Amino acid sequence: MDMGTRKGVFIYSPELEEYQYPPEHPFNTIRAKKVRETAAAMGLLSGSSSEVAPVPAERIVLKKFHSARYLHALKTVSKGKLEAEAFSMGLGTPDCPVFEGMYDGAALAAGGTLVGAKLILSGSADVAFNPSGGFHHAGPERASGFCYINDVALACMILAEEGKRVLYLDVDVHHGDGVACAFYGRSDVMTISFHEDPRMLFPGTGFEDEIGTGEGKGYCVNVPLPLGTYDEAYMKAFKTIALPLIEAYNPDVIVFELGADALADDPLAHLRLTNNTYADIIDHLLSFDRPILMTGGGGYNIDNTVRAWALAWSFLCGEGSRQEGLRDKTLAVSEPQRDAVALRIESTIEVVKARVFPIHGL
Ligand SMILES: [Zn+2]
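Residues numbered from 1 in each chain as written. Predicted model: local features only at pLDDT ≥ 70, side-chain atom pairs only at ≥ 80, totals over all residues. Heavy atoms only, no water.

What is the right way to read the side chain of histidine 175 from this model?
Summarising the element assignment, histidine 175 is placed in the loop between strand S4 (166–170) and helix H7 (177–182). Within polar-contact distance, the side chain of histidine 175 engages the side chain of threonine 205 at 2.7 Å. Discounting residues that sit within four places of it in the chain, histidine 175 has contacts with His136, His137, Ala180, Ser193, His195, Phe202, Pro203, Thr205, Gly206, Glu210 and Asn222. (Helix = DSSP H or I, 4+ residues; strand = E, 2+ residues; numbered from the N terminus. Polar contact = N/O pair within 3.5 Å; in protein donor to acceptor, adjacent residues only side chain to side chain. Contact = heavy atoms within 4.5 Å.)

Is there a simple way to think about the packing of aromatic side chains in this case?
The description of two aromatic rings rests on the distance between their centres and on the angle between their planes. Applying the stated rule across the entire model yields 13 aromatic pairs. An angle of 85° between the planes, with centres 5.8 Å apart, marks the rings of phenylalanine 10 and phenylalanine 129 as edge-to-face. On the criterion of sequence distance, the pair formed by phenylalanine 10 in strand S1 (residues 8–11) and phenylalanine 129 in strand S3 (residues 127–130) is long-range, its members being 119 residues apart. Between tyrosine 219 and tyrosine 249, the aromatic rings sit 5.9 Å apart at their centres with planes inclined by 65°, giving edge-to-face as the arrangement. You can see tyrosine 219 sitting in the loop between strand S5 (189–196) and strand S6 (220–225) and its partner tyrosine 249 sitting in helix H8 (residues 231–249), a full 30 residues away along the chain. Of the two residues, tyrosine 219 and tyrosine 249, neither departs from the other in class, the shared state being buried. By way of ring pairs, the aromatic residues Tyr21, Phe27, Phe99, Phe135 and Tyr148 are connected into one cluster. In this arrangement the basic side chain of arginine 31 is found over the ring face of phenylalanine 27, its NZ or CZ atom lying 4.5 Å from the centre. (Phe/Tyr/Trp six-rings, centres within 6.5 Å; stacked < 30°, edge-to-face > 60°. Buried < 20%, exposed > 50% of the residue type's maximum accessible area, 1.4 Å probe, protein only. Lys NZ or Arg CZ within 6 Å of the ring centre and 35° of its normal.)

I tried to follow the pattern of salt bridges on my own but got confused; where do I start?
Side chains bearing opposite charge may pair, as long as their charged atoms lie close to each other. One pass over the full model with this rule turns up 14 salt bridges. Residues arginine 36 and glutamate 51 are paired through a salt bridge, measuring 2.7 Å at the closest nitrogen-oxygen approach. Pair noted here: arginine 36 is in helix H1 (residues 30–41) and glutamate 51 is in strand S2 (residues 49–52), with a separation of 15 residues, a long-range link. Judged by its relative accessible area of 32%, glutamate 51 falls in the partly exposed class. Linking aspartate 328 and arginine 307 is a salt bridge whose minimum nitrogen-to-oxygen distance equals 2.6 Å. With aspartate 328 in the loop between helix H10 (302–316) and helix H11 (335–356) and arginine 307 in helix H10, this residue pair connects regions lying 21 residues apart in the sequence. A residue is classified by how much of its surface remains accessible, and aspartate 328, at 15% relative accessible area, is buried. Judged by relative accessible area, which is 27%, arginine 307 ranks as partly exposed. Connected via shared salt-bridge partners are Glu17, Lys33 and Glu37. (Salt bridge = Lys/Arg side-chain N within 4 Å of Asp/Glu carboxyl O.)

Printed below as a string of structure tokens:
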């Protein structure tokens, strides 16, 4: 898999736009359409890259992660019938509202991520990006945090079923709780989540001491970050924690949830990254020379999210150096802020290293 021959697959179809959250909801499906437009304009959907349409995930596949009871409720509410049982599973809340066609929309978006996984398994793709995926909060029997069907957990499951060692990396500003939980007792899927301090932000989990259990002990890694975390401090944590662990784990495939809500000016969170961090992370991931399945996720400043995902796709395709115009300007950090964040991150790094590294002989 060298730079010149990397086969990329961008997963999108206008059919995805038929399913919209209510207009007052922060999750906007227009992001995928706009990223697709930008990627097309940059010439990044042709040549060694191509565009593939998602296929709705079948119920039998969804049942690998979600319960039959939940899938039934999801289908029922999407026809307009809200029952008490559905509400007890998180459906019909402000975060996870009920809207027409939501089952089909969620199954199609999830199907996009699974198409990416299949193309990677068959060797038809080296890198794939589903900007309509990344619903990392959904639980087996629970809608949560704008997420109904956990496409990323399903993708990890399907890859692991084929005997792959899977590295799941989640840089969404919120803890990737649904995925971490799914593999908490397993060592064939390592989950690493970088996110804002759970004391400050939904879903309130993802502390340093959540490291997995039994067989999975040491294979769940959480890196909570203080408010105001900036590029340099973030990359320090990434390089010090994620890189050695990925190297030691030696995955066959990487699933990368690139929620863009850790960017500065995201209306729902409080970190201060620029998209340069995402480009750097992708360069590091590519250096492992393994297939990468990338998804979207959060990202509530639409313009910033679209630019970040377009830049990320260009780096994934090996064309990043030609797309400098998509980069954010570096952000100034005040001296006290710089020191306060650095100090907190330093102590988090030490805690994670002490708890997790010895398990991997580091
Ligand atoms: Zn998020």
